[in-house]
Amino acid sequence: MTLEEVQGQEITTEIIDRMQCAGISLEELLVSAQSQECLTVGVYESAKVMNVDPDCVAFCVLATDEEYECDIALQIHFTLIQAFCFDNGIDIVRVNDTQRLAEILGNTDESGEPKDVHCILITNPSEDTLDDPALEKLSLFCEECRSFNEWVPAITLPER
């Protein structure tokens, strides 16, 4: 095994560890923000919040899965939301498991199908900025990913 191969394995392991930590932090942030009523769930609801008060948005999560990857309308919404987040300095991540996201938020209908969790905004409370250690970890993760030109990092949520 060459030095490059050993270093490549170390980097890969390090990236996987960071992604797992980011997934745990995202779950913690979602639960915390939901308990503080600082969540906006749904593409259209999120677009309304961004249009009315973009300064209140602290973090954005875009979620899709295989079923929706070919949904052109959803991809157009994602592109617009991403552009808005970039223009306003809002950290943004992608999650590829809408079912798991809906479980975390308790956001399913009677048949167990997830409601619209394709876009989730974590907003600041009305009087102050959201001060959450998980938000800080995710912001650092996003900043680090941007340094590697990964503008919308993908996060894997932990299994239950």
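Predicted model, so just to flag it, every value in this text is computed and none were measured.

## Let's talk about the pattern of salt bridges
Thought 1: Overall, the coordinates contain three salt bridges when judged by the stated rule.
Thought 2: Two residues, E27 and R100, come together in a salt bridge whose shortest N-O distance is 3.2 Å. Taken together, the residues E27 in helix α1 (residues 3-35) and R100 in helix α4 (residues 98-105) connect sequence positions 73 residues apart. Side by side, E27 and R100 carry an identical accessibility label, which is buried.
Thought 3: As a salt-bridge pair, R146 and D91 come within 2.8 Å of each other at their nearest N and O atoms.

## Here we look at the nonpolar core
Thought 1: Formed by 28 residues in total, the largest nonpolar core has its most connected members in L26, L30, F59, V61, L101, I120 and I122.
Thought 2: Where this core is concerned, the elements lending two or more residues are α1, β2 (57-63), β3 (91-95), α4, β4 (119-123) and α5 (133-147).
Thought 3: Apart from residues lying up to four places away in sequence, L26 is in contact with F59, V61, V93, V95, L138, I155 and L157.
Thought 4: Counting residues in each nonpolar core, the second largest holds 15 residues, with L62, C85, I92 and C119 among its members.

## Looking at a nonpolar patch on the surface
Thought 1: A cluster of nonpolar side chains, contributed by I72, I76 and L80, occupies part of the molecular surface with about 320 Å² of accessible area.
Thought 2: Counting through the fold element by element, I72 comes out in helix α3 (residues 72-88).
Thought 3: Judged by relative accessible area, I72 falls into the exposed class, the value being 58%.

## Points about the sheet that holds strand β1 (residues 39-41)
Thought 1: What the five strands build is an open sheet, ordered β1-β4-β2-β3-β5; its pairing is mixed. Sheet topology places β1 and β5 (154-155) at the edges, where each strand pairs with a single neighbour.
Thought 2: As paired elements, β1 and β4 share three bridges and run antiparallel to each other. Residue pairing in the sheet places T40 in a bridge with L121 of β4.
Thought 3: Against the sheet, α4 contacts β1, β2 and β4, and its axis sits at roughly 135° relative to β2.

Reading the values: rules and limits
Residues numbered from 1 in each chain as written. Predicted model: local features only at pLDDT ≥ 70, side-chain atom pairs only at ≥ 80, totals over all residues. Heavy atoms only, no water. Salt bridge = Lys/Arg side-chain N within 4 Å of Asp/Glu carboxyl O. Helix = DSSP H or I, 4+ residues; strand = E, 2+ residues; numbered from the N terminus. Buried < 20%, exposed > 50% of the residue type's maximum accessible area, 1.4 Å probe, protein only. Core = buried A, V, L, I, M, F, W, Y, C linked by side-chain atoms within 4.5 Å. Contact = heavy atoms within 4.5 Å. Patch = residues over 30% accessible without salt bridge, like charges linked within 9 Å, V, L, I, M, F, W, Y side chains within 5 Å. Areas by Shrake-Rupley, 256 points an atom, 1.4 Å probe, with all protein chains shown as cover. Pairing = 2+ DSSP bridges. Axes fitted to C-alpha atoms, helices over the stretch in contact; angles between N-to-C directions.

Honestly, it's all geometry; don't read function into it.
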